[in-house]
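Listed below are the residues making up each chain.
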Amino acid sequence: MKFTLLAGTAVAISLAMGLPAQAENPAHVQQLLETNLCQSCDLSGANLTQAHLIGADLRDANLEGATLLESNLEGADLSGADLTGANLTRAFLTNALLENAIFDQANLTEASLYFAEVTGASFLNANLTGADIVGTPISVGGD
């Protein structure tokens, strides 16, 4: 009996350690994908790769560590959203509202930011390598 209990515990621990941690609220992810409306949602760590989020309402959403690889966020409202450490590689952010959003340590490699509103947004240590920035007042570099 003790052996069976120990073996079961060992299997459960090894399975738990092998599964990726998901912090996002699955209901919020479903709501976003179905309605494009997710103000103040918990989408931290969510995988939104290649998501079509055109005009999405993501105001004040928690997108910390989310994967938005190649996502289309054209005209999306991300005002006040927290995208700390998010992966926005090759994301499309034309006419997006990014006011007061946090992009600290975010990966925006090869992202397209055309005419995005970035007043008050933070891009501390964000990776903008190869990003296409047009009509968007983001300064890269110092002085």
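Throughout what follows, the structure given in this document is the object of discussion. Computed from a prediction, not measured in an experiment: that's the story for all the values here.

Some words on the side chain of threonine 136
On the secondary structure map, threonine 136 appears in the segment after strand E2 (132–134). You can call threonine 136 buried: its relative accessible area is 8%. Side-chain polar atoms of threonine 136 contact the backbone nitrogen of alanine 116, separated by 2.9 Å. Here threonine 136 is in contact with Leu113, Tyr114, Phe115, Ala116 and Val118, once residues within four sequence places are set aside.

Section: the environment of alanine 76
Note that alanine 76 resides in the loop between helix H2 (26–35) and strand E1 (112–114). Setting aside its immediate chain neighbours within four residues, alanine 76 contacts Leu53, Gly55, Ala56, Ala96 and Leu97.

Topic: the side chain of serine 44
With respect to the helices and strands, the residue serine 44 is situated in the loop between H2 and E1. Side chain to side chain, serine 44 and aspartate 42 meet in a polar contact 2.7 Å long.

Remarks on the pattern of salt bridges
Enumeration according to the criterion identifies 4 salt bridges in this entry. Here arginine 59 makes a salt bridge to aspartate 57, at a shortest N to O gap of 2.6 Å. The partner of arginine 90 in a salt bridge is glutamate 110, with the nearest N and O atoms 4.0 Å apart. Here arginine 90 is found in the loop between H2 and E1, whereas its partner glutamate 110 is found in the loop between H2 and E1, with 20 residues between them in sequence. We classify arginine 90 as partly exposed; its relative accessible area is 39%. On the accessibility criterion, glutamate 110 (44% relative accessible area) is partly exposed. Because the salt bridges share partners, they merge into one network encompassing Asp57, Arg59 and Asp77.

Quick notes on the rules
Residues numbered from 1 in each chain as written. Predicted model: local features only at pLDDT ≥ 70, side-chain atom pairs only at ≥ 80, totals over all residues. Heavy atoms only, no water. Helix = DSSP H or I, 4+ residues; strand = E, 2+ residues; numbered from the N terminus. Buried < 20%, exposed > 50% of the residue type's maximum accessible area, 1.4 Å probe, protein only. Polar contact = N/O pair within 3.5 Å; in protein donor to acceptor, adjacent residues only side chain to side chain. Contact = heavy atoms within 4.5 Å. Salt bridge = Lys/Arg side-chain N within 4 Å of Asp/Glu carboxyl O.

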